[in-house]
Amino acid sequence: MKVFVKTYGCQMNVHDSEKLLGVLATIGYNPASSEEEAHLVILNTCAVREKAEHKVYSELGRLKKLKKNGVVIGVCGCVAQKEGKALLERMPFVDFVVGPRNIYSLPQVLEEVKLGHRVVKTHLNGSCITSLELPILRQDPYRAYVTVMEGCDNFCAYCVVPYTRGREISRPSSEIVEEVKRLADQGYLEVTLLGQNVNSYGKGLGEKIDFPGLLERVHQVEGIRWIRFITSHPRDFSERLVKTIAALPKVCEYIHLPAQAGSNRVLERMGRGYTREEYLDKVAMIREHIPKAALTSDFIVGFPGEEEEDFQLTLDLVERVRYEGIFAFRYSVRKGTRAAQWEDNVPLSEKGRRLSQLLQLQDRITEEVSRTYQGKELDVLFYSWRDGVLEGRTRTNKIVTVLGDKRHLGAIKKVKIEETRMYQLLGTLAQGGESL
Ligand code: SF4
């Protein structure tokens, strides 16, 4: 039996797809490379923006033709959780709708589908679904995602995540450390600790531990060379965390710190819980203790009530921080969020103008920051090889390509940067082989 999983959205969804494939492998499903060869097709969806949700419905419309071959079609992820039964009503050819906290009930769901039932599983009960016993079919043999917590309690005014992924629950640290040990035994060099807001890790756990404490424990695992984490919330990004990152050599100097906006008026309406001054202070603290740190961020333009001067403050913040890159989007109304009650009063054309102005500014900065890598010798973990070209990433998460032999795959090598491009660095393998 073959299954084809199409993944949309964030790293949490990418890792959830690995869990989906893992649990389906236990009942005999193997990954298919295309929907045409699959007996089961699953869309693992994202609901963070209107556009993302529309994509799901147009994709389902396209998949409908597969029903004549008896293919089972299912929807998972945040749109499944958000829409539930309504999605089945809207798409009568869809067989099941399973939310992010119900991934491991898929074998039972497929049994019910075999009996001709159409199934909705979208409970958000209090237990963390990720555990050591549950299978994960990882897609990368060198770098692994590790869930440290699920859900989010922040309820930012524009965001559906707290409604689609439930309340924050942290995994016991012993389980996380054990999972990382098993990955190291399998030869993994890099782990990325995953959560909607990793900085509030530990809340509600029986043991007294916070995220810096977890980093220290994961850092002790032999064999793991690099540790990354995503996503952080600026309000909870503490001095203790910054000093811990600075003190632990395996923790990479890459920090994704979503600001979302540069104006205090908009930040307050969003319910972000920090001011631009506090955000800039956190950036200054990071730069002081981790001088090589690469920062990226998320931004929303055209939030209800955002005036031109508010937007100018966003541009000013981006100019001051000089991110290595940003993910920027037009505000879109998300049903069920606080902001959905407010008038979406920034015209679409104006949102578009602001978005392109912001991206233009960031492109200039990204290019300038990229140029600072010229001539440097950097450690790069190579994870793909094609036609004599190795691709990898630096500790600051920059993509690097070099000409080289595939025996360097899965190794951390020193690379001399010869040429810089906006989103990529080109280099040569430095003499002397493996970086120590
Ligand atoms: S912190 Fe805010 S934006 Fe991020 S997932 Fe939670 S509610 Fe959404």
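Above this text sits the structure in question.
A brief structural summary. On a predicted model such as this, the values are computed, not experimentally measured, just so you know.

Scoring rules and cut-offs
Residues numbered from 1 in each chain as written. Predicted model: local features only at pLDDT ≥ 70, side-chain atom pairs only at ≥ 80, totals over all residues. Heavy atoms only, no water. Phe/Tyr/Trp six-rings, centres within 6.5 Å; stacked < 30°, edge-to-face > 60°. Helix = DSSP H or I, 4+ residues; strand = E, 2+ residues; numbered from the N terminus. Buried < 20%, exposed > 50% of the residue type's maximum accessible area, 1.4 Å probe, protein only. Lys NZ or Arg CZ within 6 Å of the ring centre and 35° of its normal. Near = heavy atom within 4 Å. Nonpolar A, V, L, I, M, F, W, Y, C, P; charged D, E, K, R; others polar. Axes fitted to C-alpha atoms, helices over the stretch in contact; angles between N-to-C directions. Contact = heavy atoms within 4.5 Å. Expected span 1.5 Å × (residues − 1). Salt bridge = Lys/Arg side-chain N within 4 Å of Asp/Glu carboxyl O. Pairing = 2+ DSSP bridges. Core = buried A, V, L, I, M, F, W, Y, C linked by side-chain atoms within 4.5 Å. Domains from an automatic or database assignment. Right-handed = clockwise from strand over helix to strand, strands pointing away. Parallel < 35°, antiparallel > 145°, perpendicular 65-115°, else oblique. Left-handed = near helix turned anticlockwise from the far one by under 90°.

A look at the packing of aromatic side chains
Piece 1. Scanning the model with the defined rule gives seven aromatic pairs in all.
Piece 2. Consider the rings of F303 and W342, whose centres lie 6.0 Å apart with planes at 90°: the pair is edge-to-face. Placement of F303 in the loop between β13 (294-301) and α12 (308-321) and of W342 in the loop between β14 (325-330) and α13 (348-371) is noted, with a sequence separation of 39 residues between them.
Piece 3. Residue class for F303 comes out buried when judged on its relative accessible area of 0%.
Piece 4. On the accessibility criterion, W342 (27% relative accessible area) is partly exposed.
Piece 5. Feature note: the residues Y158, F303, Y331 and W342 constitute an aromatic cluster, connected by ring pairs.
Piece 6. A cation sits over an aromatic face here: R90 above Y57, 3.6 Å from the ring centre.
Piece 7. Between R143 and the ring centre of Y383, over which it is positioned, the NZ or CZ distance is 3.5 Å.

Considering the site of the ligand
Piece 1. All residues in the neighbourhood of the ligand are listed as C152, N154, F155, C156, Y158, C159, V161, P162, H233 and R272.
Piece 2. Taken together, the residues of the shell around the ligand break down into seven nonpolar, two polar and one charged.

Notes on the packing of helix α1 (residues 11-25) against helix α5 (residues 106-114)
Piece 1. Closest axis-to-axis distance for the α1/α5 pair is 9 Å, and the angle between their directions is 65°. Residue-level contacts link L20, V23 and L24 of α1 to L106, P107 and L110 of α5.
Piece 2. Residues that form the contact of α1 with α5 fall into these classes: six nonpolar, no polar and no charged.

Quick word on helix α2 (residues 50-63)
Piece 1. Between its terminal C-alpha atoms α2 stretches 20 Å, which fits the 20 Å expected from 14 residues at 1.5 Å a residue.
Piece 2. Taken together, the buried residues of α2 touch β1 (2-7), β3 (40-45), β4 (72-77), α3 (78-83) and α4 (85-90).

Topic: the pattern of salt bridges
Pairing between side chains of opposite charge can happen when the charged atoms of each approach one another.
Piece 1. Throughout the structure, instances matching the rule amount to 42 salt bridges.
Piece 2. Where R143 meets D140, a salt bridge forms, and the shortest distance between an N and an O atom there is 2.8 Å.
Piece 3. The exposure class of R143 is partly exposed, given its relative accessible area of 24%.
Piece 4. The partner of R353 in a salt bridge is E350, and the shortest N-O contact between them spans 2.7 Å. Here R353 and its partner E350 are both found in helix α13, three residues apart, which amounts to about one turn of the helix.
Piece 5. For R353, a relative accessible area of 34% corresponds to the partly exposed category.
Piece 6. Residues participating in the shared-partner salt-bridge network are E53, K82, E83, R334 and K335.

So, the sheet that holds strand β11 (residues 226-230)
Piece 1. Within the open sheet, the three strands sit side by side as β7-β10-β11. Their pairing is parallel. At either margin of the open sheet sits one strand with a lone partner, and together these are β7 (143-147) and β11. Each strand of the sheet is rotated relative to its neighbour by a mean of 25°, with strand direction disregarded.
Piece 2. The sheet contact formed by β7 and strand β10 (residues 190-194) spans five bridges and is parallel.

Here's the deal with the nonpolar core
Piece 1. Grouped together as the largest cluster of nonpolar side chains are 80 residues, with contacts concentrated most on L193 and Y323.
Piece 2. Each of two domains, domain 2 (143-371) and domain 3 (377-434), supplies a minimum of three residues to this core.
Piece 3. Once residues within four sequence positions are removed from consideration, Y323 is found in contact with A259, Y279, L295, T296, S297, F299, L317, V318, Q362, I365 and V369.
Piece 4. Grouped together as the second largest cluster of nonpolar side chains are 27 residues, V41, L43, C78 and M91 included.

Concerning the sheet that holds β4
Backbone-to-backbone hydrogen bonds pair the strands of a sheet. The strands run either parallel or antiparallel.
Piece 1. Read across the sheet, six strands follow the order β2-β1-β3-β4-β5-β6 without closing on themselves; strand pairing throughout is parallel. Either end of the sheet is taken by a strand with one partner, and the two such strands are β2 (30-31) and β6 (119-121).
Piece 2. Bridge count between strand β5 (residues 96-98) and β6: three bridges; the pairing is parallel. Opposite V97, over in β6, you have V120 as the bridge partner.
Piece 3. The strands touched by α2 within the sheet are β1, β3 and β4, with β3 carrying the most contacts at an inclination of about 170°.

Some words on the pairing of β14
Piece 1. By the bridge criterion, six bridges tie β13 to β14 in an arrangement that is parallel. Counterpart to T296 in the pairing with β14 is G325.
Piece 2. The parallel pair β13 and β14, bridged by α12, forms a crossover whose chirality is right-handed.

Notes on the packing of helix α9 (residues 239-247) against helix α11 (residues 276-289)
Piece 1. With their axes 9 Å apart at the nearest point, α9 and α11 run at an angle of 25° to one another. When the axis of α9 is compared with that of α11, the two are roughly parallel. Of the two possible hands of crossing, α9 and α11 adopt the one that is right-handed. Judged by residue contacts, E239, V242, K243 and A246 of α9 engage M285, I286 and H289 from α11.
Piece 2. Residues that form the contact of α9 with α11 fall into these classes: four nonpolar, one polar and two charged.

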